[in-house]
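Residue-level structure breakdown
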Amino acid sequence: MNLQELIARQRPGWSLEQPFYTSAEIYDLERKTWLARQWYVLGHSSEVRESGSFIVRDLLGESLIIVRGNDGTVRGFFNVCRHRGSRICDADGKAASLMCPYHAWTYRLDGTLRSAPALPEGIDTSQLGLRPAPVKEIGGVILGSLQGELESLEPVRQALEPALIYHGVPNARIAARRHYPTRGNWKLVMENFMECYHCFPAHPEYCSVMRHVDALGRVSSDGAARWQQTLEEWLRNQANPDSPIGNQQFNFTAPVQSYGATRAPIGGGCKTQTKDGEPAAPLMGEQSRFDGGVSTLRIDPFVYIAALNDYVRLFQFLPTGPETTDVVLTWLVDGEAREPDVDIEKLVWLWDVTTVQDKALIERNAAGIRSTAYSPGPYSTLESMPAQFVGRYLRELAL
Ligand code: FES
Ligand SMILES: [Fe+2]
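Description of the structure in this document. All residue numbers refer to positions counted from 1 along the written sequence of the respective chain. Chain labels run from A onward and ligand labels from 1 onward, assigned in the order the entries are written. Side-chain atom pairs in this predicted model are given and counted only at pLDDT of 80 or more, local residue features only at pLDDT of at least 70, and totals for whole chains, interfaces and linings cover all residues. As a rule here, side-chain values cover all heavy atoms of the structure and leave hydrogens and water aside.

**A closer look at the coordination of the iron ion (ligand 2)**
To keep it simple, the criterion reads: Excluding water, the donors of a metal are its N, O and S neighbours within 2.8 Å, or within 3.2 Å for Na, K and Ca, and that exclusion means sites may look incomplete. Irregular is the label for any site that misses the other tests, which are tetrahedral for four donors with all angles between 85 and 135 degrees, and square planar for four donors or octahedral for six when opposite donors exceed 155 degrees and the remaining angles lie between 65 and 115. By definition, any uninterrupted DSSP run of H or I lasting at least four residues is a helix, any uninterrupted run of E lasting at least two residues is a strand, and each is numbered from the N terminus. Here the term buried applies to any residue with accessible area under 20% of the maximum for its type, exposed to any over 50%, and partly exposed to those in between, with areas from a 1.4 Å probe on protein chains only.
Looking at the metal site, the iron ion (ligand 2) is ligated by His-198 (NE2), His-203 (NE2), Asp-358 (OD) and Asp-358 (OD), spaced 2.0 to 2.6 Å from it. Because the angles between the four donor atoms bound to the iron ion (ligand 2) fall within 54 to 151°, the donor set is best described as irregular. Spacing between the donor residues of the iron ion (ligand 2) along the chain follows H-x4-H-x154-D. Of this pair, His-203 sits in the loop between helix 7 (199-202) and helix 8 (204-209) while Asp-358 sits in helix 11 (residues 344-369); the two residues are 155 residues apart in sequence, bridging distant segments of the chain. Comparing His-203 with Asp-358, the two get one shared label, buried.

Right, dumping it as structure tokens:
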């Protein structure tokens, strides 16, 4: 069956047929088309703080070098030498220029070729710079793509950067980073991340902290209305009034990606997302006090940032194969904050325990889908987000 036929016969509001979660052929196509156009979190500004600092990161099977130039701009390049194609850098580092270890071709930090020994006459070295990859630093977050258009990020930057600055993200430091390599197709990871239908059965810790689950994690006649009231009261009476997101929960739909930001209370008197609700680190950025809010900033589907009063969590969802996805969480705190004011185990607790649970759920989901007995099932009313996401994916993959 060809792919267009397969796409056309998927039933709206139902999960996908098995090949979308297992086929190497479909993954290979996604990797070169749909996935290549999306944006991903690749790192934090503190990882390339100075001119010449660079990091090496894999994205969809490509190796990228992300480097801060002498002009302060962060740029991305494919890690492929323009001489005969060698990898140039193996690990993060700092250098005045990037030298390929094979024959010592040397590139400036802006990617242009600086020296290539013993080339014959007549070779135009201005045409032999490193191939750029779309990479942009926005409010302390380094975003990257393989085929995304940098211009398409400009409205996203305008919308999200003030909130990232307000939350202190540009000057933050990394307090912790944990990897959760997950044996499951990237769509299973994203579908799981987008719904809270599984919160009550699977995430007791999350439910004990996040009070919106009471209202939205199960069907109840007045749940949504109750949560709306809680939200409005919090915005009116308790929320820091100077947040750039404020009560303007915004959501934009652009041709290439949809993006937005929201702000909501954790609830239950919690100041932050910790076991006892008390801070795990000092207040960040320009926030005047603890208001117990969580700001979420997103570029759908892969970029997701949660900003609490005292720490910020960057989520990375990196497809690595038809049935493997790397999930990486990075916890940021104020750049000046040091232990004992930063309690790392306390600040990683909620989303570490939740992500370990999610990894197990996704891997069980993937195992069941490999069976000949699997067939798509209906999304519940509490899974409208994955249902929409799958619909968008199918529409865009079909183009
Ligand atoms: S392959 Fe890089 S210098 Fe030869
Ligand atoms: Fe979950």
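**So, the environment of Gly-144**
To be explicit about the condition: Here, two residues are considered to be in contact whenever any of their heavy atoms come within 4.5 Å of each other.
Considering the arrangement of structural elements, one finds Gly-144 in strand 11 (residues 141-144). Assessed through its relative accessible area of 0%, Gly-144 is described here as buried. For the pair formed by Gly-144 and Ala-133, sequence separation is eleven residues and the distance between their alpha carbons is 7.6 Å. The residues touching Gly-144, leaving out its near neighbours within four places in the chain, are Gln-38, Trp-39, Tyr-40, Leu-42, Leu-59, Pro-134 and Val-135.

**Some details on the side chain of Asn-192**
This is how the line gets drawn: N or O atoms closer than or at 3.5 Å make up a polar contact, with two conditions inside protein: a donor-capable atom paired with an acceptor-capable one, and, for residues adjacent in sequence, both atoms drawn from side chains.
Note that Asn-192 resides in helix 6 (residues 186-194). For Asn-192, a relative accessible area of 10% translates into the label buried. Polar side-chain contacts of Asn-192 include one of 3.2 Å to the side chain of His-198. Among all residues touching Asn-192, those that are not within four sequence positions of it are His-198, Asp-358, Leu-361 and Ile-362.

**Some remarks on the state of the cysteines**
Keep this limit in mind: Two cysteine sulfurs form what is called a disulfide whenever their separation falls within 2.5 Å.
According to the stated counting rule, one finds one disulfide in the structure shown. Linked covalently through their sulfurs, Cys-196 and Cys-199 form a disulfide whose S-S length is 1.9 Å. Note on the Cys-196 and Cys-199 pair: the S-S dihedral is about -105°, so by sign convention the disulfide is left-handed. No difference in accessibility class separates Cys-196 from Cys-199, as the two residues are buried. Free cysteine: Cys-207, not disulfide-bonded; nearest cysteine sulfur from Cys-199 at 5.3 Å. Cysteine Cys-270 remains unbridged, with the sulfur of Cys-207 as its closest cysteine sulfur at 13 Å.

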